[in-house]
Amino acid sequence: MARLPRRAPGELDGEALALHEKITSGPRGASMTDERGALVGPFTAMLLSPPVGDALQELGAAIRYRSTLPPRARELAILTVADHWDSAFERRAHESAGRAAGLTEEELATLHSADPFEAAVLTTTRRLLESGDLTDDEYAALDERTLFELTTLVGYYATLAMQLRVYRVT
């Protein structure tokens, strides 16, 4: 059972309401709200500390909408993090995003790709999740900007997975 109740916009005030409006008016839109307009998933907890929550959701928006990672590779990496952390919410949310990015049902089920770049992203993501580090050869598999964006993605989605687990969001 969820430990944190969802709060509809009418139940919010000040900074929490401003953050709610910022999230729902951005690229995620109303897809992250329930039938009452309350935020769902990791966004519910972000309202607990609007200054930190805003910074965190801005990081997520940068990863999803402003990084150079191609959508298919990005969604494969996010789904790999969700799978590693057994995050049902992120898995559901990003399977849909993965389909929209062109991932097949087989790629979604296996989290594998025949594309060399996507395979390198997956290998790097798994290595980061397993050890938090890369060998020199693994480091050299991706350019430095891609590697920076990917390590940031892995850390961000690991943070969300932990918060979703702690607050029992499914």
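This text gives an overview of the structure that appears in the document. Remember, predicted model here, so these are calculated numbers, not experimental data. (Residues numbered from 1 in each chain as written. Predicted model: local features only at pLDDT ≥ 70, side-chain atom pairs only at ≥ 80, totals over all residues. Heavy atoms only, no water.)

Evaluated as defined, the whole model comprises one aromatic pair. Arranged with centres 4.8 Å apart and planes meeting at 90°, the rings of Tyr 156 and Tyr 157 form a pair that is edge-to-face. Given a relative accessible area of 5%, Tyr 157 falls into the buried group. (Phe/Tyr/Trp six-rings, centres within 6.5 Å; stacked < 30°, edge-to-face > 60°. Buried < 20%, exposed > 50% of the residue type's maximum accessible area, 1.4 Å probe, protein only.)

Of all hydrophobic cores here, the largest spans 32 residues; its most connected members are Met 46, Leu 153, Val 154, Tyr 156 and Tyr 157. Top contributing element to this core by residue count: helix H9 (residues 144-166), with eight residues. Sequence-distant contacts of Leu 153, defined by excluding residues within four places in its chain, comprise Ile 63, Leu 69, Arg 74, Ala 77, Ile 78 and Val 81. In this structure, Leu 76, Leu 103, Leu 108 and Leu 122 belong to the second largest nonpolar core, which totals six residues. (Core = buried A, V, L, I, M, F, W, Y, C linked by side-chain atoms within 4.5 Å. Helix = DSSP H or I, 4+ residues; strand = E, 2+ residues; numbered from the N terminus. Contact = heavy atoms within 4.5 Å.)

What follows concerns the side chain of Thr 124. Mapped onto the fold, Thr 124 is located in helix H7 (residues 116-131). What makes Thr 124 buried here is its relative accessible area of 2%. Here Thr 124 is in contact with Leu 134, Glu 138, Leu 142, Leu 147 and Leu 150, once residues within four sequence places are set aside.

In total, this model carries 13 salt bridges according to the counting rule given. Residues participating in the shared-partner salt-bridge network are Lys 22, Asp 54, Glu 58 and Arg 66. (Salt bridge = Lys/Arg side-chain N within 4 Å of Asp/Glu carboxyl O.)

Next up on the list: helix H5 (residues 88-100). Under the 1.5 Å per step criterion, the end-to-end length of H5 is 19 Å for 13 residues, consistent within 8% with the ideal 18 Å. All of the buried residues along H5 are Phe 89, Glu 90, Arg 91, His 94, Ala 97 and Gly 98. Where the residues of H5 are buried, they touch helix H2 (42-46), helix H3 (50-65), helix H4 (71-84), helix H6 (105-110) and H9. Downstream of H5 by one or two residues, Gly 102 has phi in the positive range, about 105°. (Expected span 1.5 Å × (residues − 1).)

Before going further, it helps to examine the packing of H7 against H9. Where H7 contacts H9, the two axes come as close as 10 Å, and the packing angle between them is 50°. Viewed along their axes, H7 and H9 adopt a mutual orientation that is oblique. Crossing geometry of H7 relative to H9 is assigned as right-handed. Only Thr 146, Leu 147, Leu 150, Thr 151 and Val 154 of H9 make contact with H7, whose side of the interface consists of Phe 117, Val 121, Thr 124, Thr 125, Leu 128 and Leu 129. Partitioning the contact of H7 with H9 into residue classes produces seven nonpolar, four polar and no charged. (Axes fitted to C-alpha atoms, helices over the stretch in contact; angles between N-to-C directions. Parallel < 35°, antiparallel > 145°, perpendicular 65-115°, else oblique. Left-handed = near helix turned anticlockwise from the far one by under 90°. Nonpolar A, V, L, I, M, F, W, Y, C, P; charged D, E, K, R; others polar.)

Time to look at H4. Under the 1.5 Å per step criterion, the end-to-end length of H4 is 20 Å for 14 residues, consistent within 8% with the ideal 20 Å. Judged by how many residues are buried, H4 sits mostly within the fold: 10 of 14 residues are covered. Burial in H4 covers these residues: Ala 73, Arg 74, Glu 75, Leu 76, Ala 77, Ile 78, Leu 79, Thr 80, Val 81 and Ala 82. Here the buried face of H4 lies against H3, H5, H6, H7 and H9. Looking at the residues trailing H4, positive phi occurs at Asp 86, about 55°.

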